[in-house]
Amino acid sequence: MTAVSEDTKMEEKNPSISVIMPVYKVEDCVAASIECIISQTFTDWELFAVDDGSPDRSGEICDGYAAKDERIHVIHKENGGAARARNAALKEAKGDYIFFMDSDDLAPTDMLEKMYAAIKGADAPLLVAGFFIDTYYSDTEYMTQEIKVPSGIYDRQSFREYAYELFDRNMLYTPWNKMYSRKYLSENGIEFPDLDWGEDFPFNLSVIRDIDKVCVLGEAYYHYIRRRSESETAKYIPDMYEIRETEHDWMEEIYEYWGVNDEHSVEFVARRYIERLVGCIENVTNPSCTLSKTEAKLAIRDMINTDRCAWALAHAKPRSRMMKMMLRPVANQNVDACYREGNLISRVKTRNGKLFAKLKANR
């Protein structure tokens, strides 16, 4: 029997954290994101940068970092979207825990250290942390919104009853404010669904569906960088209403599966639906919308004359005076007023991104 040296054992030890970063057309910012991981005070990690068939120098930049740091691995693949890129890295990852980072975002140097200590201490398969949204209006001007809730460790039932608060703070939709047990993902066959849109939400629904313990860390670390020109001034999305309806189906299904129907949870689900319905109305009044005015009004009529809309209006409790005013035309089923309101939102959205971001954050 061949003896294994201590040095060999150390070499074979799996890293504590696998960081997974999809990379596509980010040659101007991917280096900064990689540097955020390299500069972490916690050093026992591996990074998978997945070059998703990027047509620019993004993959080359990643290769340069991999040549200098053996903890960095680059996967080059044909373009297939972020979900496939993350799944490709999940198959190669060796870390005890998984952390997902986007290739155009930033993070403080103590993020992995604090998150790892918390999830290990809680012995939980999932950690949810706070985060920042940095909305840029120019290269130097931006607004920062901090999203967080108090720390806590939740068992299965208490998490299900508290989930509405985490959903309401947008803390359960994205993968990058979380740390996941790789063993938990593997044993439950959880990976990102191959969708054309919104793969993060169903991925996290699969994670939390039967989870027994969740650690919530009451500090914000990750910086999600939102470039206004690329987000809030987005073009008309022909199937936005159908997408929102499907997302609502998912939300209703998991709450039914959980058997949770307390007042707070029901109110949140209703308010989430009706707020997104306002966004769907704005979508058909967007300057780039291909529908005629008549067609747009017919679409609005169909949106606001449904049993689901009536149910949401009956149970939602808007948090601001502005939102209460915005819902009046919907409640009155006034198509013309809804159309005018959508036009107003579109004008603010496209002409004054800073104001729109503030109004949206305080809705």
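What counts, and at which threshold
- Residues numbered from 1 in each chain as written.
- Predicted model: local features only at pLDDT ≥ 70, side-chain atom pairs only at ≥ 80, totals over all residues.
- Heavy atoms only, no water.
- Helix = DSSP H or I, 4+ residues; strand = E, 2+ residues; numbered from the N terminus.
- Buried < 20%, exposed > 50% of the residue type's maximum accessible area, 1.4 Å probe, protein only.
- Phe/Tyr/Trp six-rings, centres within 6.5 Å; stacked < 30°, edge-to-face > 60°.
- Lys NZ or Arg CZ within 6 Å of the ring centre and 35° of its normal.

Caption draft 1: Highlighting unusual backbone geometry. A positive phi angle, close to 50°, is found at Asp 123, a residue other than glycine. Tracing the backbone shows Asp 123 in the loop between α5 (111-122) and β5 (126-136). Judged by its relative accessible area of 61%, Asp 123 is exposed.

Caption draft 2: Summary view of the packing of aromatic side chains. For the structure shown, the criterion picks out 22 aromatic pairs. Residues Phe 131 and Trp 176 carry aromatic rings whose centres are separated by 5.0 Å and whose planes lie at 85° to one another, so their mutual orientation is edge-to-face. On the criterion of sequence distance, the pair formed by Phe 131 in strand β5 and Trp 176 in the loop between α6 (156-168) and β8 (178-181) is long-range, its members being 45 residues apart. Residue classification places Phe 131 among the buried residues on the basis of a relative accessible area of 2%. The class for Trp 176 is buried, based on a relative accessible area of 5%. Joined through ring pairs, the aromatic side chains of Phe 159, Phe 167, Tyr 173, Trp 197, Phe 201, Trp 250, Tyr 255, Trp 258 and Phe 268 make up one cluster. Between Lys 68 and the ring centre of Tyr 65, over which it is positioned, the NZ or CZ distance is 5.0 Å. The ring of Phe 192 carries the charged tip of Arg 86 above its face, separated from the ring centre by 5.0 Å.

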